[in-house]
Amino acid sequence: TAADVVVLGAGPAGLVLANLLLAAGIDCVVLERADRSHVQTRARAGFLAPNTVRILDRHGLADGLHRHGRTHGTCEFRTGDGRFRLDYGSLGRGEVHTVYPQQNLVTDLLTHYLDAGGRIHFETEALSVHDADGARPYVTTREPDGRPARWDARYVAGCDGRHGASRRSLPPTAVRQHHDHGVSWLGLLAEAPPSLDAVGYAVHDRGFAGHMARSPQVTRYYLQYRRGASADAWSEERIWDELDLRMRAAEHGPLRRGPIIERGVVDLACDVIEPLRHGSLLLAGDAASLTAPAAAKGANLAVLEAEILAGALAETLAAGDDAALDRYSAQCLARIWRAQEFTQWMTGLLHAIPAPDSDPSGGSFFQASLRRARLDSLRTSRAHQDWFAENYVGV
Ligand code: FAD
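Now for a look at the structure at hand. (Residues numbered from 1 in each chain as written. Predicted model: local features only at pLDDT ≥ 70, side-chain atom pairs only at ≥ 80, totals over all residues. Heavy atoms only, no water.)

Here's the deal with the layout of surface pockets
Rolled over the atoms, a probe sized like a water molecule indicates the empty space that remains. Test applied: Buried and open spaces are told apart on a 1 Å grid over the protein atoms alone, a cavity being a set of points where a 1.4 Å probe fits but cannot get out and a pocket being an open set with protein on both sides within 12 Å along at least five of seven lines. Residues with an atom within 4 Å of a point are the lining residues. Grid points are joined across faces, edges and corners, and a volume is the space filled by probe spheres set on the points. Secondary structure elements are defined from DSSP: runs of H or I of at least 4 residues count as helices, runs of E of at least 2 residues count as strands, and each element is numbered from the N terminus. Polarity classes work like this: nonpolar for Ala, Val, Leu, Ile, Met, Phe, Trp, Tyr, Cys and Pro, charged for Asp, Glu, Lys and Arg, and polar for all others, with Gly in that last group.
Put simply, the second largest pocket is a space of about 320 Å³. Forming the walls of the second largest pocket are 16 residues, and the residues nearest its centre are Thr 79, Gly 80, Asp 81, Arg 372 and Leu 375. Looking at the lining of the second largest pocket, the elements that each hand over two or more residues are β6 (82–86) and α11 (363–380). When residues in the lining of the second largest pocket are grouped by element, the largest group, 6 residues, is from α11. Across the lining of the second largest pocket, the residue classes tally to 4 nonpolar, 4 polar and 8 charged.

As structure tokens, then:
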């Protein structure tokens, strides 16, 4: 029940970090609340940025995604003014995404870690991080048999997401900057082949609809949804009819329907914890910053931060001084805020964000007109397209 680095959470952040620490010969252990099969089947992200692939390549963690992932470089916008495509893979820096479901990446990372002799404890829930301002922090846990335990560490890596113990254990000096975009999505996974060979973004008066391939058999769809409504409020038929309408299937071709195998509501909100270091407790991934899924940045930031943190911990543990850890927060925050800024822009592009009821100036009409002008600029300006491409695939 001790390690130099105790890593909380076996998501992309925790598992990339643990693999890199293990490869550097650092004594570490991962504590994960869920069981192994839950961790390996939780469907979430799918679009990996080129920088994420480069990081995973650099550390020999990308075999699976090269074997089974597919590159992707086109998105299609559908609006009341027609549709247009952006081949972002040949714009900006000429880079593409790799589509590889997050649960497959997590499975690869876990297998690699265990094969290399890594230590992980499933069904072990971190309750709190203690004494993070000292040199001997520890984590209290609930073990699989329900009994309490204590894990001693020199450093605790908080990679346990937005509702984890790391965030709950922050000192009052931590600042959480939060922004609610004011819209919600019904996130769907359909057992149906993709309906178009591009990411589809439909901007419609009834609200946004999105289409993203996950595999030849499974497609993710999103529908802007009433805040507070239950995920089960709409029947499958109503969902497909609404997707048809918003994606203008009558004009641009039918959607390939299939059973909805997963659904959930996501309120589009984001936040950033500053700084990412609190003594011996270091935050990475969603624990550090939450981005709304509109621009698909979360998993990519998690991998990037894990690599930076692994380097800083290795340097600190080898050199005995923590200058590298001092730099960690600022290094990541610069990237986090770039990702937040683009996500904010993208969210504004895609949604009819309702004006406050009390706004007498016709604010929502004004917003809709701005959105239309923004889409028109994206359709016609090469400079705007290059900017979009660079930010869309970048972290
Ligand atoms: P997580 O993946 O959340 O992992 C945290 C781990 O910690 C979990 O395994 C959890 O069980 C564990 N844990 C939690 N609490 C405790 C505790 N107390 N003790 C021990 N363990 C604990 N991002 C993209 O880049 N591209 C996309 O296309 C994209 N699409 C998304 C779609 C949806 C519907 C959602 C919800 C998210 C999407 N994201 C996307 C975001 C992305 O999934 C997250 O940003 C990413 O999972 C963050 O990784 P992480 O390792 O920080 O956290």
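Quick notes on the pattern of salt bridges
Opposite charge on two side chains permits them to pair, given that their charged atoms come into close proximity. Here is the rule we go by: By salt bridge we mean one thing: a side-chain nitrogen of Lys or Arg within 4 Å of a carboxyl oxygen of Asp or Glu. Under the scheme applied here, a residue whose accessible area is under 20% of the maximum for its type counts as buried, over 50% as exposed, and between as partly exposed, the area being computed with a 1.4 Å probe on protein chains only.
All chains considered together, the criterion is met by 25 salt bridges. The salt bridge involving Arg 246 is made with Glu 242; its shortest N-O contact spans 3.0 Å. Of this pair, Arg 246 and Glu 242 both sit in helix α7 (residues 236–246), 4 residues apart, which is roughly one turn of the helix. As far as the burial class goes, Arg 246 and Glu 242 line up, both buried. Several salt bridges share partner residues, and in doing so they unite Glu 76, Arg 78, Arg 83, Arg 85 and Asp 197 into one network.

Some thoughts on the pairing of strand β15 (residues 209–213)
Applied cut-off: Should DSSP find at least two bridges between two strands, the strands are taken to pair.
The buried count for β15 comes to 5 of 5 residues, which makes it a mostly enclosed element. The sheet contact formed by strand β14 (residues 199–202) and β15 spans 3 bridges and is antiparallel. Directly across from Tyr 201, in β15, lies its bridge partner Gly 210. A loop of 6 residues connects β14 with β15, the two strands running antiparallel in sequence, and Gly 207 in this loop sits at a positive phi of about 125°. When β15 meets strand β16 (residues 219–225), the two strands line up antiparallel, connected through 5 bridges.

With respect to the packing of aromatic side chains
Going by this rule: Planes of paired rings set the category: under 30 degrees apart is stacked, over 60 is edge-to-face and the rest tilted, where pairs are Phe, Tyr or Trp rings (Trp by its six-membered ring) whose centres lie within 6.5 Å.
Taken as a whole, this structure holds 16 aromatic pairs when the rule is applied. When the centroid spacing of 5.1 Å and the interplanar angle of 75° are considered together, the rings of Tyr 225 and Trp 234 count as edge-to-face. An angle of 20° between the planes, with centres 4.8 Å apart, marks the rings of Phe 388 and Tyr 392 as stacked. Of the two residues, Phe 388 and Tyr 392 both sit in helix α12 (residues 382–393), 4 residues apart, roughly one turn of that helix.

A few points about the site of the ligand
Short version of the rule: For this description, a residue counts as near a given molecule or strand if any of its non-hydrogen atoms is within 4 Å of it. Any N or O atom pair separated by 3.5 Å or less is treated as a polar contact, with the protein-specific requirement of one donor-capable and one acceptor-capable atom, and with residues adjacent in sequence counted only for side-chain atom pairs. With residues, only the protein chains shown are counted as cover, and all accessible areas are computed by Shrake-Rupley using a 1.4 Å probe.
The environment of the ligand is formed by 33 residues, the closest being Glu 32, Arg 42, Gln 102, Asp 286 and Ala 299. Here an oxygen atom of the ligand and a backbone polar atom of Gly 46 are 3.5 Å apart. Here an oxygen atom of the ligand and a side-chain polar atom of Asn 300 are 3.3 Å apart. Burial of the ligand by the protein chains amounts to 92% of its free accessible area of 1,000 Å².

With respect to the sheet that holds β15
Basically, it comes down to this: Any two residues whose heavy atoms approach within 4.5 Å are treated as being in contact. Note on method: axes are straight lines fitted to C-alpha atoms, helices fitted across the in-contact stretch only, with angles between N-to-C directions ranging 0 to 180 degrees.
Here we have 8 strands laid out as an open sheet, ordered β6-β5-β14-β15-β16-β13-β17-β20, and mixed in their pairing. Both outer strands of the open sheet, β6 and β20 (289–290), are each paired with one neighbouring strand and no more. Across the face of the sheet, α7 comes into contact with β13 (175–190), β14, β15, β16 and β17 (260–274) while running at roughly 85° to β16. Running at roughly 130° to β17, helix α10 (residues 323–350) makes contact with β5 (75–79), β13, β14, β17 and β20 of the sheet.

Some words on unusual backbone geometry
A cis amide bond, omega -10°, links Glu 274 with the succeeding residue Pro 275. Structurally, the position occupied by Pro 275 is in the loop between β17 and β18 (277–278). Phi at Glu 123 is positive, roughly 50°, even though this residue is not glycine. Topologically, Glu 123 is positioned in the loop between β8 (119–121) and β9 (125–130). Overall, the relative accessible area of 45% leaves Glu 123 in the partly exposed class. Phi at Ala 296 is positive, roughly 55°, even though this residue is not glycine. Among the structural elements, Ala 296 can be located in the loop between β20 and α9 (298–319).

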